[in-house]
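Letter by letter, the chains look like this.
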Amino acid sequence: MEPVWRQQGRGRGRSQEAQGARFRPGGGRGGRTEAPHSAAPLDKFEEIRKSNQAAAQRLVESHVSSSSSDDEDDDDRECQDGKRGQILASTFTTYTNQTGGDATGLARTGQYLSDLFQSGALTCLICIASVKRTQQVWSCCSCFSLFHLPCIQKWAKDSVFLVSSVTDDDFGQKQHPWPCPKCRAEYPPSAKPNRYMCYCGKLQDPPADPWLVPHSCGSVCQKELKPTCGHTCLLLCHPGPCPPCPKMVSVACMCGKAKPLPRRCSNKAWSCQQQCGKLLPCRQHTCSQTCHTECRPCPRVSVQSCVCGQQKAERPCSSPQWNCQQVCGSPLPCGNHTCEEVCHDGVCPPCPRSVSRTCPCGKTKSCLPCTEEVMPCGDTCDRRLSCLKHTCSMRCHRGSCETCRQEVEKECRCGKHRKLMPCHKEYLCDSKCPKTRSCQRHQCRRKCCPGNCPPCDQSCGRTLGCRNHKCPSVCHQGSCYPCPENVDVRCSCGSTVLVVPCGRERSTKPPRCKEPCRCPPSCHHPTREAHRCHPGPCAPCRQPCLLPLAGCSHTCPQACHDLVLVRSQQVQLAGPWEQPTEPAFVQKALPCPPCQVPIPTSCFGEHEVSPVPCHRQGRFSCGRPCGRPLTCGNHTCSRECHLVTDGNKCEVCEEGCSKPRPPGCPHPCPRSCHRDDCPPCSQMIRQRCHCKISILYVECMILTAADDQTKVKLSSCNNQCPKELSCGHRCKQVCHPGECEDRCQQKVKLRCPCRRIKKELQCCVSAQCVVQCDDTCRDQQRRVSHMKEAEQRAAQEEEQKKLQRIQTDCRFSLQEELEAFEKRQQRGGRRGKKRGRRGDADGEQGRGGRWGWSLAFIIIPLGGALLSAAVFYLLNTA
């Protein structure tokens, strides 16, 4: 990491020596001095040689692992794993002896230890390089991250320098803390690392012991455990946090009611599950919770008085003090005024008017009773205005003074401009501040800035050392914090994971894995040869091919040849000037060789067998009929012996289905000859119902599979039978086969001969029953006969009277006609004719009226007779 004073802009700047060499005074065209010709090439050569050596040394160190080399074989790895297990067991022995073998509290510490032994797992976040066993390191007390000692020293120095250059007026005089690069925990200047210490801080410059944890002194840690319990860490000097305290102590429960029990010191708080029962601060209720440390505020509600005691309200018991927000109103000691304070306790304050008072401007004092107001004195007010420079020029007055409106020459906030304006207004000019903010990258650009430019509020956005992310912090000066992200580097199968800081995944090799390789085979074999998980492609398969050879049942005995390196023949030269390079090899699948086993070969239809070599065998046609069963399963192929392939199959049976049909089905099978059962017949059968009126359509499959009772239901139209019974009524049953039942169930009415008495009976029983008249019927018949005789006599008498009236009317009409005729004869002329005609008309009208009356006398008696007959019939029927 470059120092802060060497950084320029977003990138890293050149050193001061380079800048001085480039912009040295007197180095122009006129003042340049000539150097000796012999010294310049030698110095340049020596500089390049040193640079190359340093680059080569860095490359070698980057490829050397902190714990082991990368070209170890499997036996060395197993030995190293056993050695690592012994070191971890010796480190944890003192802790597991206290816990009885329980190592659940060692998860975090064990992770730090396993990362130490894993190649490339630990990385210095400052230089993004591996932390090796032999390098001097420094461990953060907060996040336990490891850093190279030179890197952290440079980081602390640059951090303090940066803060001092920004905040101190006298640069370098104050002591500023410096932060951890990862967790940003602050350390005092006195804690600046200057020595290489072990993890527990007891031994300086611990030696590299292969049987100890790297950078460890090998003694007991003895750090004070957190949270503080009085015990110390029992592990050997280790990285990472100390595990929880494993000691056993006798502790009572949280409420103190139960007897003390032995508990683990790191988990010594326990509950007896009894009710607390302690008196709560409200002094009214007790705690109802189970065993706990501190009681919560009372959750109940009670009626409580306010501070002044005027109101009562339901409030939580945990807050008994409350104000009602009403004015007190109690009479003050003066007896003239009341207290104006809001709800308070204790005695009311004295009357504010009873003390010595002054006029509004404060120049004149007076001692008046509290009932009288102090009048203004009439002098000038002379109180300071809000500007604190001028005084009020008004006469003594009540209330606040007015705003100062005097014209004064004001200077702007930045001090560049002056202007006459009212005293109460602030003068801000429009000039923007050209100064650079604390980040030393952006300008302030604030209007009329007095010089205290605010911190930069833009995002930094510089690319971090990982080259994957950008700095998310606010724009700052100096180096950005390391990238906080971690990246998982996995083996080929993904079982083993190595967590490295972001940016190291490109240079970190995948971790070694003990699991078997899970890469799918690239050849036709279902599995590969058993071997461990490894980076890169798997070795070529060396298993026997065992693929079935083409045209026979033998397998290939040669080694697997699915991917074989074959010399490429497609090398094209660009021209005659191009020299041929080394031959190129490509992976190619070679075919299996021909089978050399002689086997007997049969004809196409397997009618005869002849011995033929396996790779030369060719099936032939013997001329016989094929005889293979067709797909229908009922017939055989009649073609000449042939080879059955996708394009040359046996003939297709074109005959119709000859299988017997279900009993009762008159339809043939719609499919051609087939192997399986015939499909159910789906054709419809047309038939008439039992009553021969409706035409029904029934599916043949349903009709043939039905029993006798179902067939009767299927042949019914479900309507009422239209046939008539012998009694004349219609059959009440639903459409049914056969003859209708002769027992008619319809209800009929039977009456007596006089039709007064009636009974309802079934039609089948009505022929055997007779209803006779009773005495009431006979008495009624006699009364009716007497009524008829009386009516007949009255009718006869009425008819005689009518005849007499008719005869009398006839005689009167004849006489009138004779008189009218005589009068016409006596009159003469036209007038006489008209009068005669008028008289004739009157005569005709008179005759018509007489005939109407005669008809009325005839019709009225007849109507009365018919009406009496109707009444008699209705009485009989009722």
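A.B. asks: Looking at this structure, I do not really get the overall build of the protein. What am I missing?
C.D. replies: The number of helices and strands found in the protein is ten helices and 26 strands. Put simply, the protein has 878 residues, and 28% of those count as buried. Working note: accessible area of the protein is about 59,300 Å², and carbon and sulfur atoms make up 52% of it.

A.B. asks: Any chance you could explain the packing of aromatic side chains here in plain terms?
C.D. replies: Any aromatic ring pair is given by two values, namely how distant the centres are and how the planes are angled relative to each other. Summed over all chains, the structure comprises five aromatic pairs. When the centroid spacing of 5.0 Å and the interplanar angle of 20 degrees are considered together, the rings of tryptophan 178 and tyrosine 187 count as stacked. Taken individually, tryptophan 178 and tyrosine 187 each receive the classification buried, so the pair is uniform in this respect. Taken together, the aromatic side chains of Trp138, Phe147, Trp178 and Tyr187 make up a single cluster linked through ring pairs. Directly above the aromatic system of tyrosine 481 lies the positively charged group of arginine 184, at a separation of 3.7 Å from the ring centroid.

A.B. asks: Would you mind showing me how to read unusual backbone geometry here?
C.D. replies: Comment: phi is negative for the bulk of residues other than glycine, and the bulk of peptide bonds are trans. Cis geometry marks the peptide bond from lysine 226 to proline 227; its omega dihedral reads 0 degrees. Tracing the backbone shows proline 227 in the loop between strand E8 (186–187) and strand E9 (248–251). Even without being glycine, leucine 388 reaches a positive phi, approximately 65 degrees. On the basis of relative accessible area, leucine 388 is assigned to the exposed category, the value being 64%. Residues other than glycine seldom take positive phi values, yet lysine 692 does so here, at roughly 65 degrees. The topology assignment puts lysine 692 in the loop between strand E23 (684–688) and strand E24 (695–699).

A.B. asks: Teacher, can you tell me more about a nonpolar patch on the surface here?
C.D. replies: Taken together, Met684, Ile695 and Tyr697 make up a surface patch of nonpolar side chains, about 310 Å² in accessible area. Here methionine 684 lies in strand E23. Judged by its relative accessible area of 46%, methionine 684 is partly exposed.

A.B. asks: What is the right way to read the nonpolar core from this model?
C.D. replies: Generally speaking, a soluble globular protein has its nonpolar side chains buried in company with each other. In terms of nonpolar packing, the biggest core is built from 35 residues, with Ile126, Trp138, Phe147, Ile152 and Trp178 touching the most fellow members. Residues in contact with tryptophan 138, not counting those within four places in the same chain, are Ser145, Leu146, Phe147, Leu149, Ile152, Trp178, Tyr187 and Pro193. The next biggest cluster of nonpolar side chains, apart from the first, holds ten residues, and it includes Cys359, Cys361, Val374 and Cys387.

A.B. asks: Just to check I follow, could you spell out the side chain of histidine 215 for this structure?
C.D. replies: For histidine 215, the location among the structural elements is in the loop between E8 and E9. Separated by 2.8 Å, the side chains of histidine 215 and tyrosine 196 make a polar contact. What histidine 215 contacts, discounting residues up to four positions off in sequence, is Val131, Lys132, Arg133, Gln135, Val137, Tyr196, Cys198, Tyr199 and Pro206.

A.B. asks: Is there a simple way to think about the pattern of salt bridges in this case?
C.D. replies: It is possible for side chains of opposite charge to pair when their charged atoms get near one another. Counting across every chain of the model gives eleven salt bridges. When the shortest N-O distance is used, the salt bridge between lysine 363 and aspartate 379 registers 3.4 Å. Here aspartate 379 lies in the loop between strand E14 (365–366) and strand E15 (407–411) and lysine 363 lies in the loop between strand E13 (357–358) and E14, a separation of 16 residues in the sequence. Relative accessible area serves as the criterion here: at 40%, lysine 363 is assigned to the partly exposed category. When its relative accessible area of 39% is taken as the criterion, aspartate 379 is described as partly exposed. Of the charged contacts, one joins aspartate 676 and arginine 671 as a salt bridge, the two residues approaching to 3.5 Å between their closest N and O atoms. Accessibility expressed as a relative area gives 41% for aspartate 676, which makes it partly exposed. Among the ionic contacts, a cluster of salt bridges with common partners joins Lys363, Asp379 and Asp382.

A.B. asks: Looking at this structure, I do not really get the pairing of strand E11 (residues 301–305). What am I missing?
C.D. replies: For a regular strand, the rule is simple: side chains alternate between the two faces of the sheet. Residues Ser302 and Gln304 line the buried face of E11, whereas the alternating positions Val301, Val303 and Ser305 sit on a face that is not buried. Where E11 and strand E12 (residues 312–316) come together, five bridges link them in antiparallel fashion. Following the sheet pairing, serine 302 is matched in E12 by arginine 315. Count of turn residues in the E11/E12 antiparallel hairpin: six residues, of which glycine 309 carries a positive phi of about 80 degrees.

A.B. asks: It is not clear to me how helix H9 (residues 775–826) should be interpreted in this structure. Could you clarify?
C.D. replies: It helps to recall that an α-helix has 3.6 residues per turn; residues three or four apart then point in one direction. In this model H9 runs 77 Å from its N-terminal to its C-terminal C-alpha over 52 residues, within 8% of the 76 Å that 1.5 Å per residue would give. Taken together, the buried positions of H9 are Cys777, Gln780, Val784, Lys802 and Ser813.

A.B. asks: Mind showing me how you'd approach the confidence of the model for the protein here?
C.D. replies: Predicted coordinates in regions of low pLDDT should not be interpreted in detail. With 82% of its residues at a pLDDT of 70 or more, the protein shows a mean pLDDT of 78. In the model of the protein, strand E2 (residues 11–12) stands out as the element of lowest mean pLDDT, 34, in contrast to strand E5 (residues 137–139), which has the highest, 91. The low-confidence segment residues 1–38, where pLDDT is below 50, has 41 contacts with residues more than four positions distant or belonging to other chains.

A.B. asks: Help me understand the environment of glycine 415, please; the structure alone is not making it clear to me.
C.D. replies: Along the chain, the position of glycine 415 falls in the loop between E15 and strand E16 (418–422). Each C-alpha atom, one on glycine 415 and one on glycine 451, is 9.9 Å from the other, the two residues being 36 residues apart in sequence.

A.B. asks: In this structure, what is going on with the state of the cysteines? I would like to understand it.
C.D. replies: Counted by the stated rule, this structure contains zero disulfides. Residue cysteine 491 stays outside any disulfide, its sulfur separated by 3.4 Å from that of cysteine 493, the closest cysteine.

A.B. asks: Any chance you could explain the side chain of serine 216 here in plain terms?
C.D. replies: Of note, serine 216 is situated in the loop between E8 and E9. In this structure the side chain of serine 216 is engaged in a polar contact, spanning 3.2 Å, whose partner is the backbone nitrogen of glycine 218. Every residue in contact with serine 216, bar those within four places of it in the chain, is listed here: Cys198, Tyr199, Pro206, Pro207 and Cys237.

A.B. asks: Please explain the environment of aspartate 677 as it appears in this structure.
C.D. replies: Secondary-structure assignment places aspartate 677 in the loop between strand E22 (609–613) and E23. For aspartate 677, a relative accessible area of 66% puts it in the exposed group. Sequence-wise, aspartate 677 and lysine 659 are 18 residues apart; in three dimensions their C-alpha atoms are separated by 8.5 Å. Every residue in contact with aspartate 677, bar those within four places of it in the chain, is listed here: Lys659 and Arg671.

A.B. asks: What should I look at first to understand the environment of cysteine 773 in this one?
C.D. replies: Mapped onto the secondary structure, cysteine 773 falls in the loop between helix H8 (763–766) and H9. For the pair cysteine 773 and cysteine 754, spaced 19 residues apart in sequence, the C-alpha to C-alpha distance is 6.9 Å. Residue contacts for cysteine 773: discarding those within four places in its chain leaves Cys752, Pro753, Cys754, Arg778 and Gln781.

Cut-offs and rules
- Residues numbered from 1 in each chain as written.
- Predicted model: local features only at pLDDT ≥ 70, side-chain atom pairs only at ≥ 80, totals over all residues.
- Heavy atoms only, no water.
- Helix = DSSP H or I, 4+ residues; strand = E, 2+ residues; numbered from the N terminus.
- Buried < 20%, exposed > 50% of the residue type's maximum accessible area, 1.4 Å probe, protein only.
- Areas by Shrake-Rupley, 256 points an atom, 1.4 Å probe, with all protein chains shown as cover.
- Phe/Tyr/Trp six-rings, centres within 6.5 Å; stacked < 30°, edge-to-face > 60°.
- Lys NZ or Arg CZ within 6 Å of the ring centre and 35° of its normal.
- Patch = residues over 30% accessible without salt bridge, like charges linked within 9 Å, V, L, I, M, F, W, Y side chains within 5 Å.
- Salt bridge = Lys/Arg side-chain N within 4 Å of Asp/Glu carboxyl O.
- Core = buried A, V, L, I, M, F, W, Y, C linked by side-chain atoms within 4.5 Å.
- Contact = heavy atoms within 4.5 Å.
- Polar contact = N/O pair within 3.5 Å; in protein donor to acceptor, adjacent residues only side chain to side chain.
- Pairing = 2+ DSSP bridges.
- Expected span 1.5 Å × (residues − 1).
- pLDDT = per-residue confidence, 0-100.
- Disulfide = S-S within 2.5 Å.

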